[in-house]
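Coordinate analysis (summary)
The primary structure of each chain is shown beneath.
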Amino acid sequence: MNAAPAHHIVFLDRASLVATLRAPAFAHRWSEYPSTSASTSASTGASSDAALDATDPAGVVARLRGASIAITNKVPLREAALAQLPELKLIAVAATGTDVIDLAACRARGIAVCNIRNYAVHTLPEHTFALILALRRNLLAYRADVEAGLWQRSSRFCLFEHPIADLAGSTLGLVGYGALGQATARLARAFGMKVIVHTRSPVDDAEVRQVGWDELLETADVISLHLPLNDKTRNMIGAPELARMKRSALLINTARGGLVDEAALAQALEGGVIAGAGFDVLTQEPPPADNPLLLLRLPNFILTPHNAWASGQAMQALADQLVDNIEAWAAGRARNVVVDGNTGISAD
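The structure presented is a predicted model; accordingly, all values stated were derived computationally and were not measured.

A separate point is the nonpolar core. With 31 residues, the main nonpolar core has Ile223, Leu225, Leu242, Leu251 and Leu265 as its most contacted residues. Mapped onto this core, the elements with two or more residues apiece are helix H7 (213-219), strand E9 (222-225), helix H9 (262-270) and strand E11 (276-279). The element that contributes the greatest number of residues to this core is H9, accounting for five residues. Excluding residues that lie within four positions of it along the chain, leucine 242 makes contacts with Ile237, Leu251, Ala264, Leu265, Ala268, Val273 and Ile274. Ile9, Leu90, Tyr119 and Trp309 belong to the second largest nonpolar core, which has 26 residues in total.

Structure representation (structure tokens):
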């Protein structure tokens, strides 16, 4: 008689990853679902017992019952669900951010958590600069002019009704200086930009200058956010911070929704407090129709649907690393550890 598979692996939101997933190299049973219902917001961290009701066949608990390994990208796993899943031993997050996971509950229950690291070091910085370039050169406004026939009716060979600014010689202010911040800095230097950095850890990089929060807000021509969302960073940029930025400055957020007060940003853009903004993330995703940033119709604001990370190359690298993480944990040499299931200790 064949022995039962050692692990049951369940991927709760497989459709969030457009890539080939190889089978883990150990005995297992695999289940996957395109998506899994949960009425909670991955960004806000709120939980709902109703959304986790085991009687819901499309719900988290029903799908993870009996599983030892859960894979999730953005489906929340909170205490209410974890309390009903005594066999769960590993949560493999198919992303870098772990704000969808109740890490304290995992520590208390001895559930290991691992995440994906440094897979988006090309795609996300490139997206960041796509936003910066489009805004600094007013591409949306000029495209609208062409579509409206203004160039065709012009008495000149060109249009320059909207300001255009070079990146060379300007200052990029990075908030956070991990792998993504560092990759963004390298692109900035290639464009001839000066780079200043605000981060809690000392920066050992002679090509950038570490500055305080006040100096970054007041001197950067472009501010780009590259840090996680937590209680300390939530709404770190609101109306007071926006008012201290240069009126000619841009604000770029390809990190996490919730770092910026969205209502305050909408007011700042409408009032000309800053020159423009490019965002790839919102506080609640998918966003409700009344999100103030969705209501903006301005050429100096660009919103993309949380896909800065999603180049084909990056998603395949993520998929490969995801399986690497699971195989390493099963072999007793866990990697990319956020919570050690044996000790309950979170990684730094």
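From this point, the narrative continues.
Time to look at the packing of aromatic side chains. A complete count under the given rule lists two aromatic pairs for this structure. Residues phenylalanine 129 and phenylalanine 191 carry aromatic rings whose centres are separated by 5.2 Å and whose planes lie at 10° to one another, so their mutual orientation is stacked. Taken together, the positions of phenylalanine 129 in helix H4 (residues 123-136) and phenylalanine 191 in the loop between helix H6 (179-190) and strand E7 (194-198) put the pair 62 residues apart, joining distant regions of the chain. We classify phenylalanine 129 as buried; its relative accessible area is 3%. Phenylalanine 191 gets classed as partly exposed once you look at its relative accessible area, which sits at 35%. On the numbers, 6.3 Å between centres and 55° between planes, the contact of phenylalanine 279 with phenylalanine 301 is tilted. Pair noted here: phenylalanine 279 is in strand E11 and phenylalanine 301 is in strand E12 (residues 301-303), with a separation of 22 residues, a long-range link. Phenylalanine 279 gets classed as buried once you look at its relative accessible area, which sits at 1%. For arginine 63, the ring lying beneath its charged end belongs to tyrosine 33, and the centroid distance is 3.9 Å. When the ring centre of phenylalanine 160 is taken as reference, the NZ or CZ atom of arginine 156 above it lies at 4.6 Å.

What counts, and where the lines are drawn
- Residues numbered from 1 in each chain as written.
- Predicted model: local features only at pLDDT ≥ 70, side-chain atom pairs only at ≥ 80, totals over all residues.
- Heavy atoms only, no water.
- Core = buried A, V, L, I, M, F, W, Y, C linked by side-chain atoms within 4.5 Å.
- Buried < 20%, exposed > 50% of the residue type's maximum accessible area, 1.4 Å probe, protein only.
- Helix = DSSP H or I, 4+ residues; strand = E, 2+ residues; numbered from the N terminus.
- Contact = heavy atoms within 4.5 Å.
- Phe/Tyr/Trp six-rings, centres within 6.5 Å; stacked < 30°, edge-to-face > 60°.
- Lys NZ or Arg CZ within 6 Å of the ring centre and 35° of its normal.

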